[in-house]
Amino acid sequence: MPVRDWLLSLSPEDRKMIGDDIRTAEFGWPVGMPLCRSLTGRKGLWEIRSNLNSGRISRVLFCVHNGTMVLLHGFIKKTQKTPDRDLDLATARQKGLTP
């Protein structure tokens, strides 16, 4: 449960903001921009886009597997472009899901 562990490492305020966005995406699915966006070139991979305090932004990468939202990876974004290493990690976790 890597996303859960990541969330627990954040401040309670950040955790609440990200949690609210995850809940909105889960219960309002399908949700589009500005909250959710599919990732180009990464089939079935989506991101939840959260704006945190102090101008910081976070991303939670997820997929829909057997009708269930599966959170694959979460991180605080430091550059405009999402690092390939974060995308590759989420893709690897997505491929590891059992059919």
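Just above sits the structure.
Quick look at the structure, then. These figures come from a predicted structure and were not determined experimentally.

## Let's talk about the packing of aromatic side chains
Now for step 1: Taken as a whole and judged by the stated rule, the model has 2 aromatic pairs.
Now for step 2: Ring plane angle 85° and centroid distance 4.9 Å describe the contact between W29 and W46, whose orientation is recorded as edge-to-face. Taken together, the residues span a long stretch of sequence, with W29 in the loop between α2 (12-27) and β1 (36-38) and W46 in strand β2 (residues 46-51) at a distance of 17 residues.
Now for step 3: With 5.5 Å between their ring centres and 80° between their planes, W29 and F62 make a pair best called edge-to-face. With W29 in the loop between α2 and β1 and F62 in strand β3 (residues 57-65), this residue pair connects regions lying 33 residues apart in the sequence.
Now for step 4: Since its relative accessible area comes to 32%, W29 is described here as partly exposed.

## Observations regarding helix α3 (residues 84-95)
Now for step 1: In a regular helix each residue adds 1.5 Å, so 12 residues correspond to 16 Å; α3 covers 16 Å between its end C-alpha atoms and thus fits that length.
Now for step 2: Listed in full, the buried residues belonging to α3 are D86, L87, A90, T91 and Q94. Projected down its long axis, α3 shows its buried positions confined to an angular sector of 135°, all on one face. Of the residues in α3, the exposed ones pointing more than 90 degrees away from the buried face are R85 and K95.
Now for step 3: Buried residues in α3 make contact with β3 and β4 (68-77).

Calculation rules
- Just so you know, the residues in each chain are numbered from 1, in the order the chain's sequence is written.
- Per-residue local features of the predicted model are confined to residues with pLDDT of at least 70, and side-chain atom pairs are confined, for both listing and counting, to 80 or more; whole-chain, interface and lining totals are unaffected and use all residues.
- The side-chain values count all of the structure's non-hydrogen atoms but skip hydrogen atoms and water molecules.
- Think of it this way: a Phe, Tyr or Trp ring, Trp meaning its six-membered ring, pairs with another when their centres are within 6.5 Å, and the plane angle makes it stacked under 30 degrees, edge-to-face over 60, tilted otherwise.
- Under the scheme used here, helices are H or I runs from DSSP no shorter than 4 residues and strands are E runs no shorter than 2 residues, and both carry numbers assigned from the N terminus.
- Only protein chains enter the calculation, and the probe is 1.4 Å; a residue is then buried if its accessible area is under 20% of its type maximum, exposed if over 50%, and partly exposed in between.
- Between the first and last residue of a helix there are one fewer steps than residues, each counted as 1.5 Å, and that sum is the expected span.
- As used here, the arc belongs to the directions running from the helix axis to the C-beta atoms.
- Two residues form a contact once any of their heavy atoms are found within 4.5 Å.

Geometric values such as these leave the question of function open.
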